[in-house]
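So you can see what is in the structure, the chains are spelled out below.
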Amino acid sequence: MPHTFNQHASILIIDDEPQIRKFLDIALRAQGYSVHVAENGVKGLESLASRGADLLILDLGLPDMEGQEVLTELRQWSDIPVIVLSARPDENQKIKLLDAGANDYVTKPFSIQELCARIRVMFRNKPQHLEQNIVFNDGQLWVDVAEHTAQLAGQEITLTKKEFQLLALLIRHQGKIVTQKQIMTELWGISHEEDTHYLRILVKKLRTKIGDSALSPKYIYTIAGVGLRFLG
């Protein structure tokens, strides 16, 4: 049985080898994790920006960019734990990656038992931030910010990490305008303040899931060029 600290935890795998992605996907799902995969660095970073994850397994030998480049870009806006996979048992490379922000390093070939043990260590060591206990309930939409759960008409809604982060941020500031800059900084980091297309995509997906409409908003009201306000 999975330990309580990894229940519902989301893992992203960035690896260009289909057999490795499939193997890890099956093995980690069997451990109770939610798993997503990407075959190159660009798609991996896009997935993290739009969906989020609790841990990243990153292969070094990617077709479009070096794993170290992915790590350097990621560390500008995320502190997600990163386990690097590499077929290169190079001590200097390992030191460079750890200095660049990797949390752990596994050399191929590896056993799934070893990898799972290292993942458990990552989650045990990850700081748990206490969240203000806010519950929104209008009889239709119910959101528990601290528990990271949401329901619509009594049915649980499956939200990605980024979708829930945005919803929770808006609920915490209910009735007030949350600026685009504030949202971008909180969700993606200060270096992504101008990447507002991430936010437009995220808002559209979130609206669909909570039964909202851009034309006649019940929950998320857009102030063009300024930000968002949660009506409730």
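Reading guide: rules and limits
- Residues numbered from 1 in each chain as written.
- Predicted model: local features only at pLDDT ≥ 70, side-chain atom pairs only at ≥ 80, totals over all residues.
- Heavy atoms only, no water.
- Helix = DSSP H or I, 4+ residues; strand = E, 2+ residues; numbered from the N terminus.
- Buried < 20%, exposed > 50% of the residue type's maximum accessible area, 1.4 Å probe, protein only.
- Contact = heavy atoms within 4.5 Å.
- Areas by Shrake-Rupley, 256 points an atom, 1.4 Å probe, with all protein chains shown as cover.
- Pairing = 2+ DSSP bridges.
- Right-handed = clockwise from strand over helix to strand, strands pointing away.
- Expected span 1.5 Å × (residues − 1).
- Polar contact = N/O pair within 3.5 Å; in protein donor to acceptor, adjacent residues only side chain to side chain.
- pLDDT = per-residue confidence, 0-100.

Q: An account of the overall build of the protein is requested, with residue identities and associated values reported.
A: Scanning the protein from terminus to terminus reveals eight helices and twelve strands. The buried share of the protein, reckoned over its 232 residues, is 44%. A separation threshold of at least 6 residues defines the contact pool for the protein, and within that pool the share at least 24 residues apart is 58%. For the protein, the accessible area works out to roughly 12,200 Å², and carbon and sulfur atoms hold 50% of it.

Q: Break down the sheet that holds strand S6 (residues 135–137) for me, with residues and values.
A: The sheet built from four strands is open, its strands ordered S6-S7-S8-S9 with antiparallel pairing. Single-partner strands in this sheet number two, and they are S6 and strand S9 (155–156). Judged from the three bridges that link them, S6 and strand S7 (residues 141–144) form a sheet pairing that is antiparallel. Its bridge partner lying in S7, phenylalanine 136 is registered against valine 143.

Q: Quick rundown of the pairing of strand S2 (residues 34–38)? Include the residues and the values.
A: Relative to S2, strand S1 (residues 10–14) runs parallel, the two sharing five bridges. By the bridge assignment for S2, isoleucine 11 is matched with valine 35. Regarding the hand of the β-α-β motif, the stretch spanning S1, helix H1 (residues 18–30) and S2 is right-handed.

Q: How would you explain helix H6 (residues 161–172) if you had to name every residue and give the values?
A: Taking 1.5 Å of rise per residue, twelve residues should cover 16 Å, and H6 covers 16 Å from first to last C-alpha, within 8% of that figure. For H6, every residue scored as buried is listed here: Lys162, Glu163, Phe164, Leu166, Leu167, Ala168, Leu169, Leu170 and Ile171.

Q: Break down helix H2 (residues 41–50) for me, citing the residues and quoting the values.
A: For H2, the full list of buried residues reads Gly41, Gly44, Leu45, Ser47, Leu48 and Ala49. The N-cap residue of H2 is asparagine 40: its side-chain oxygen and the backbone nitrogen of valine 42 are 3.3 Å apart.

Q: Describe the confidence of the model for the protein, and please don't skip the residues or the numbers.
A: Of the residues in the protein, 90% reach a pLDDT of 70 or more, and the chain-wide mean stands at 84. Low pLDDT, under 50, characterises residues 1–7; the stretch is placed with ten contacts to residues that sit more than four places away or in other chains.

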